[in-house]
Every structure is written in structure tokens, then in C-alpha cells.
Amino acid sequence: MSVKDLSIDDFDYPLPQERIALHPLRQRDACRLLVRVPGAPVADRRFSDLPALIPSDALLVCNDTRVINARMRFHKPTGAAIEIFLLEPLLPADYERAFAAEGSAQWSALVGNVKKWKEGELVREIALADGTLLRLSATLGEQLDGGERRVTLSWTPATVPFATVVEAAGHIPIPPYLNRESEASDTDDYQTVYSRAEGSVAAPTAGLHFTPELLAEIDRRGIRRAAVTLHVGAGTFKPVKTPRIGDHPMHTETFTVTRASLEALIEAKRAERPVIAVGTTSVRTLETLPLLADMVAADPETPLHLGQWNAYTEEALRPRTSLQTAERLMQLLRLLDTTGAPAFTASTAIMIAPGFNWTIVDGMVTNFHQPRSTLLLLVSSFLSAHSGGTTGATEPEWRRLYSHALQSDYRFLSYGDACLLLS
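All values reported here derive from a predicted model rather than from experimental measurement.

## A few points about the environment of Ile218
Logical step 1: Its place among the elements puts Ile218 in helix 5 (residues 212–220).
Logical step 2: Sequence separation between Ile218 and Lys115 is 103 residues, and the spatial gap between their C-alpha atoms is 51 Å.
Logical step 3: Setting aside chain neighbours within four positions, we find Ile218 in contact with Pro51, Leu60, Phe210, Ile223 and Arg225.

Below is the structure:
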């Protein structure tokens, strides 16, 4: 069966509302951790045990993106409430330049109650922390390909950077399935302690469990760390509504990888040391890299974008050794040599589902995901690809793990408990 013919019905499971964690635990690393190692019984641990569970020679890769206050609320003179949910920058299109923009910026956005906002300018006045009175206006533009709208934001004083504007004018965009308004506590709770690069509208939630003390213990044990930056889009919450996954349009996300992280990955693959990804966003970034490298090798002028199904060509599915994967990544290092840049930025719409050829990631830290989601497809793919030779099972391993978690009172989704899945 082709990967495109997989039925999303096979990735459904009952998730009672009361099992969805509405808030995180007060101590981030006190959450539970389900540990899966091929051929061994499932173990129930605490996240604080993670440093002792990661192979000592591993490279741990985190996503250091930072969630922005993407929800902005305005009111028309009639009193109608309009919400602008920022998705990605259009002008400037580069994230770093977008947050440094002064005076005006254009973003693609979802607009709530848009029928009440046919035309005209929406205006708010906000007092900044230093006492400056910020006047912020929004103008509605055309509808874009995905149904979102172009929104132009303008403000005075024009010398205030957009990073300050969005911090003051917006609210943290907690996941829609929490069915509650964002609270003051979410401002800190919904950021990883290592978040750095602004741009996400959703958190890389597997990273929410880390504390400075836990990271220090990881470093003390000699476990190496690297960072990638993938700006998580609202599409991460988009359920698969088509019967065949081949008919589901995968969302595109922008990511950046530095020379230092690329060199760390190459060194790990050459030495056959395990690469452990923190979260599905890190997984998507890492598994995109060798496929992107192949595209660059074939055409150095190719746009740095990986399409939804590029991972399922005959060439992409060819088995590779760890050393061969390292050599593929060298193509991206040569690209940086050519440009002289310290990092490169690309985009990916990669679909990772059963049948995918895993070449980078040897283990992952991840939360428990929604039924019928592309993230559950990704987890299923990893487990089936790293089954340890287990055969004759009556149900897929992801279902056995999730059944165990449900029966054992694990907490689910963004603020819930975590898994450590090793190969």
C-alpha cells in the first residue's frame, strides 16, 4: 500500500476531555515520562529522570523558537470585536527583519469576526512598559491562498520595533483544544526555558518540560546539545479530515539551522552516535535536512523548500548508512561555505508517516498527540521503523503505548506528560 493510501481512521483513538491537561504542573520536570525501548517493557518514569535515560554519547537537539503574542484584539467603533491571529510575516518576509521592523509590517493572519470588518482602519492605544503611548492600527487586505488575510499593521511612534508592539498588544496563543482563554500564567508556561528566536504561534511542547537544572544535569553528564529553529505554525493543530492521508494538504513551516548545529549533526552521524530530537518540530527539521541536501546537490540554485511528498521518491527511500547520511549533510555545509553565512533558512512541508525512511533521528522526546493528527502519524512511523524486530503484534505499537498511557492516568497534549521513544 502506498503511504498516500493510508486511512486516517487507523490513527484514531478515544481521548476523553478530562484527560487533556489544561495547565502544566507547577514544576516542569515533575511530569510523567513513558519510556519505550525496543524489546523492553514500557517503563513509567518522571521527566526529571531524563538525563539518566538518554544515551551518554547522544546529541540532543532542541527547537529554540519562541512563541509570540500572536492574538491581537481590536474593536470597531460599533463595538464589534475583531481578533487578528498573526501567522507569518509577509513584508518583511524574513522573521528577524519582521520583528525589527519599525512603523509598519504586513502579516498573513486569521481574522475572527471578519464579516464585521469589511473595510476601514481598526485602532488601539496601548501604554508600553516605559510609559510610551503606542497607537496601533490595522488594515485588512486581500484573501490569500490558504484562506487567511493580508493585514497591514502600522504604529506610532514608528521607532518602536515590531517585537515590542506584538509583546504589548497581543496575547499568547494557547492551543484551541484547551477550550479556555489564555491566562497570565501562560506567558511563561507556554515558552520553553531555552526559547530564543521569535516567530512561533504554537510552542514546541515537548520542550516545555525542561528546566535550567535539568539542562545543567544533561551537560554535566557530557550529553551534547544542539539547537535548530523551526517556527511552529497554526497548521500543527490542523486535523486530517480526508479519509486518505494523501489528500491532506500538509502545512509549511520555516526553519533555520546554524553551521555549528550542522557540524554537530555531521560529527554525530560519522561517529554513529544517536541523535535524540526534542519534539516533532525538531524531528521535522532534522529529517528534512538530508532530503534538502540531495536537492541542492542536484541543483545548487533550487529553492530551499521540501515538498510534502519529496520523502517518498525511489531515491529518498533508498537505505543509507549513518556515514552516507553524514556525507549528504556535507552538501549543506558546502552551501554555507559558498554564501559565507553562519546559517541557512529553508521551509518544509514534509509528511512523515509509516513508510518514511528515517535517516537522522534515533530517538525523540515527545508529548501525547491528538487523534487523527499528522503528529500521531509521525510517532507511528518512528515506532514501526524502529520496532527492534518485533513481529506478529496484533495492533500497532503506538496504539499499545497510548492505551497504556490512558489506562495509567497520563495527561495528554500540550500541557500533558511526555514520552521518550528510543530506537
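## Regarding the pattern of salt bridges
Logical step 1: Counted according to the given criterion, the structure contains 28 salt bridges.
Logical step 2: Its salt-bridge partner being Asp9, residue Arg372 comes within 2.9 Å of it at the nearest N-O pair. Taken together, the residues span a long stretch of sequence, with Arg372 in the loop between strand 18 (363–367) and helix 9 (374–385) and Asp9 in the segment before strand 1 (32–36) at a distance of 363 residues.
Logical step 3: Via salt bridges that share partners, Asp294, Glu315, Arg318, Arg320 and Arg328 belong to a single interconnected network.

## What to know about the pairing of strand 6 (residues 81–91)
Logical step 1: Note: strand 5 (residues 71–75) against strand 6, five bridges, orientation antiparallel. When the bridges of strand 6 are listed, Arg73 appears paired with Glu83.
Logical step 2: Between strand 5 and the antiparallel strand that follows it, strand 6, lie five residues; Gly79 among them carries a positive phi value of about 100°.
Logical step 3: By the bridge criterion, seven bridges tie strand 6 to strand 7 (residues 104–112) in an arrangement that is antiparallel. In the sheet register, Leu86 faces strand 7, and the bridge partner there is Ala109.

## Examining unusual backbone geometry
Logical step 1: A cis geometry characterises the amide bond from Leu91 onward to Pro92, with omega recorded as -5°.
Logical step 2: Here Pro92 is to be found in the loop between strand 6 and helix 2 (95–100).
Logical step 3: Residues Thr156 and Pro157 are joined by a peptide bond in cis, for which omega reads 0°.
Logical step 4: On the secondary structure map, Pro157 appears in the loop between strand 10 (149–156) and helix 3 (162–169).
Logical step 5: Its identity is not glycine, yet Arg372 carries a phi of approximately 60°, on the positive side.

## Remarks on the nonpolar core
Logical step 1: Formed by 83 residues in total, the largest nonpolar core has its most connected members in Leu262, Leu286, Leu289, Phe344 and Phe412.
Logical step 2: Counting residues per element, this core draws most heavily on helix 7 (residues 280–298), at seven residues.
Logical step 3: Not counting residues up to four positions away in its chain, the partners in contact with Phe412 are Tyr13, Leu15, Arg19, Ile20, Ala21, Phe368, Tyr402, Ala405 and Leu406.
Logical step 4: Membership of the second largest hydrophobic core comes to 34 residues, among which are Ala70, Trp107, Ala109 and Ala163.

## What about the packing of helix 7 against helix 8 (residues 322–339)?
Logical step 1: It is at 8 Å that the axes of helix 7 and helix 8 come closest, and there the two elements cross at 65°. Handedness of the crossing formed by helix 7 with helix 8: left-handed. Listed contacts from helix 8 to Leu289, Pro290, Leu291, Leu292, Ala293, Asp294, Val296 and Ala297 of helix 7 are Arg328, Leu329, Gln331 and Leu332.

Calculation criteria
- Each chain has its residues counted from 1, running along the sequence as written.
- pLDDT decides what is reported in this predicted model: residues at 70 or higher carry local features, side-chain atom pairs at 80 or more are listed and counted, and totals for whole chains, interfaces and linings draw on all residues regardless.
- Calculation of side-chain values draws on the structure's entire complement of heavy atoms; hydrogens and water are dropped beforehand.
- Strands here are runs of E lasting at least two residues and helices are runs of H or I lasting at least four, both read from the DSSP assignment and numbered beginning at the N terminus.
- Contacts between residues were defined by any pair of non-hydrogen atoms, one from each residue, lying within 4.5 Å.
- By definition here, a salt bridge exists when the distance from a side-chain nitrogen of Lys or Arg to a carboxyl oxygen of Asp or Glu is within 4 Å.
- Two strands form a pair only when DSSP identifies at least two bridges running between them.
- Only buried residues count toward a nonpolar core. Its members are Ala, Val, Leu, Ile, Met, Phe, Trp, Tyr and Cys residues joined through side-chain atoms within 4.5 Å.
- Accessible area is worked out with a 1.4 Å probe on protein chains only. A residue is then buried under 20% of its type maximum, exposed over 50%, and partly exposed in between.
- Axis angles are defined between N-to-C directions and span 0 to 180 degrees, where every axis is a line fitted to C-alpha atoms and, for a helix, only to the segment in contact.
- Two helices cross in a left-handed way if the nearer one is turned anticlockwise from the farther one by less than a right angle. They cross in a right-handed way if the turn is clockwise.

By themselves these figures say nothing about function.
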